[in-house]
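Notes for the structure review
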Amino acid sequence: SPVWTLVSETGPAHARVYTWRLEIGEFVTVGSGPSKKIARQGASDQMLLTLPEEWKKKARRMHHGGYGRGGRGGRFGGKRRYGGGHGGGGNNSGNDSGGPPAKKQEPSMMITASNPISCLHEYAKKKKIADPVFQVANENILETVQKGAHSFKKVEYSMMLMFDGRRYTSSALNKKAAKQACALEAWDFIKSSI
C-alpha cells in the first residue's frame, strides 16, 4: 500500500512549496508544488511512470473485478458505466468499459503558479505559444466628484485579453482588478481542458 511522507514545506507563507514522497514497495517518487494536493499529484504521476507494467495490469484486473468481459466483477455490482449491463454480446473491440472507445490521453500538464496571470504565462511557456496580451479596451467614466480644487473620477475599465486564439473581456473599477478578472476567466476555460 502507498506510504506518503511530507518531505518539506519551504518558502514564505504566500508562496509555499510543498514536497511529498510516495513509496510503494521498493519504488519511491517525489513531487513538489504550490499546494499539498499538486505536490502529491506530481508524485503519483511519477509513480505511474515508474511502476512495472505487470503491476499496472494486475491493478486493472482488480479494478474490473477479475472476471473479464460480461462477468460479475466491478466496484458497482457489475454495472457498466455507459449502460449495456451484463452479458457478452456486441462489439468486443478491446474496450472493456462497454462505452465509447477510450482516447489516448496525454499526461496532464502541471502548472505550479497560483495567480491566474502567472498560470497563463506558465501555460504559454510550456505549450510554446505566445504570451497573453492584455490591453484596456474601454474606460467608462461612471461619475465625477468635485472636492474643493480637485475632481475625482470613478472609472470602469474594460480589459481585453488575447490568448491562444481566443478573446476574453472583463470589467472592474481599476485596471489591476479588470486584468485579474480577465485572466481568471481565461484560466478557468483553459484549466477545464487540461
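Residues numbered from 1 in each chain as written. Predicted model: local features only at pLDDT ≥ 70, side-chain atom pairs only at ≥ 80, totals over all residues. Heavy atoms only, no water.

This part takes up the side chain of glutamate 122. Within the secondary structure layout, glutamate 122 lies in helix α3 (residues 116-127). Among the residues examined, glutamate 122 registers a relative accessible area of 16% and is labelled buried. A polar contact is formed between the side chain of glutamate 122 and the backbone nitrogen of alanine 113, at a distance of 3.1 Å. Once you skip the residues sitting within four places of it in the chain, glutamate 122 turns out to touch Met110, Ile111, Thr112 and Ala113. (Helix = DSSP H or I, 4+ residues; strand = E, 2+ residues; numbered from the N terminus. Buried < 20%, exposed > 50% of the residue type's maximum accessible area, 1.4 Å probe, protein only. Polar contact = N/O pair within 3.5 Å; in protein donor to acceptor, adjacent residues only side chain to side chain. Contact = heavy atoms within 4.5 Å.)

Turning our attention to the packing of aromatic side chains. Tallied over the entire structure, the rule returns four aromatic pairs. Here the aromatic rings of tryptophan 4 and tryptophan 20 are separated by 6.3 Å at their centres, their planes lie at 80 degrees, and the arrangement is edge-to-face. One end of the pair, tryptophan 4, is in strand β1 (residues 3-10); the other, tryptophan 20, is in strand β2 (residues 17-24), with 16 residues separating them in the sequence. With a relative accessible area of 27%, tryptophan 4 lands in the partly exposed category. Taken together, the ring pairs in this structure connect Tyr123, Phe163 and Trp187 into an aromatic cluster. Over the ring of phenylalanine 134 we find lysine 179; its NZ or CZ atom is 5.0 Å from the centre of that ring. (Phe/Tyr/Trp six-rings, centres within 6.5 Å; stacked < 30°, edge-to-face > 60°. Lys NZ or Arg CZ within 6 Å of the ring centre and 35° of its normal.)

This brings us to the pattern of salt bridges. With the rule as written, the count across this model stands at four salt bridges. For glutamate 23, the salt bridge goes to arginine 21, with nearest N and O atoms at 3.0 Å. We classify glutamate 23 as partly exposed; its relative accessible area is 28%. Using a relative accessible area of 31% as the deciding quantity, one classes arginine 21 as partly exposed. For lysine 191, the salt bridge is made with aspartate 188, and the minimal N-O distance between the two is 3.7 Å. Here aspartate 188 and lysine 191 lie together in helix α4 (residues 175-191), a separation of three residues that amounts to about one turn. Accessibility expressed as a relative area gives 43% for lysine 191, which makes it partly exposed. Classification of aspartate 188 by relative accessible area gives partly exposed; the value is 39%. (Salt bridge = Lys/Arg side-chain N within 4 Å of Asp/Glu carboxyl O.)

Between its terminal C-alpha atoms α3 stretches 16 Å, which fits the 16 Å expected from 12 residues at 1.5 Å a residue. Residues of α3 that are buried include every one of Pro116, Ile117, Cys119, Leu120, Glu122, Tyr123 and Ala124, and no others. Between the side-chain oxygen at the start of α3 and the backbone nitrogen of isoleucine 117 there is a gap of 2.7 Å, and the oxygen is on asparagine 115. (Expected span 1.5 Å × (residues − 1).)

A general feature of soluble globular proteins is that nonpolar side chains tend to end up buried together. Grouped together as the largest cluster of nonpolar side chains are 20 residues, with contacts concentrated most on Leu120, Phe134, Leu161, Phe163, Trp187 and Ile190. Those elements that place two or more of their residues in this core are α3, β5 (150-163), β6 (166-172) and α4. With six residues, the top contributor of residues to this core is α4. Beyond its immediate stretch of four places on either side in the chain, phenylalanine 134 contacts Ile117, Leu120, Met159, Met160, Leu161, Lys179, Cys182 and Ala183. Formed by six residues, the second largest nonpolar core is a distinct cluster that contains Leu22, Ala43, Met47 and Leu51. (Core = buried A, V, L, I, M, F, W, Y, C linked by side-chain atoms within 4.5 Å.)

Given a rise of 1.5 Å per residue, 17 residues ought to cover 24 Å, and the 24 Å separating the end C-alpha atoms of α4 matches this to within 8%. The set of residues buried in α4 consists of Ala178, Cys182, Ala183, Ala186, Trp187 and Ile190. Viewed along the axis of α4, the buried residues span an arc of 165 degrees, placing them on a single side of the element. Looking at the packing, one finds that the buried side of α4 touches α3, β4 (133-147), β5 and β6. (Arc of directions from axis to C-beta.)

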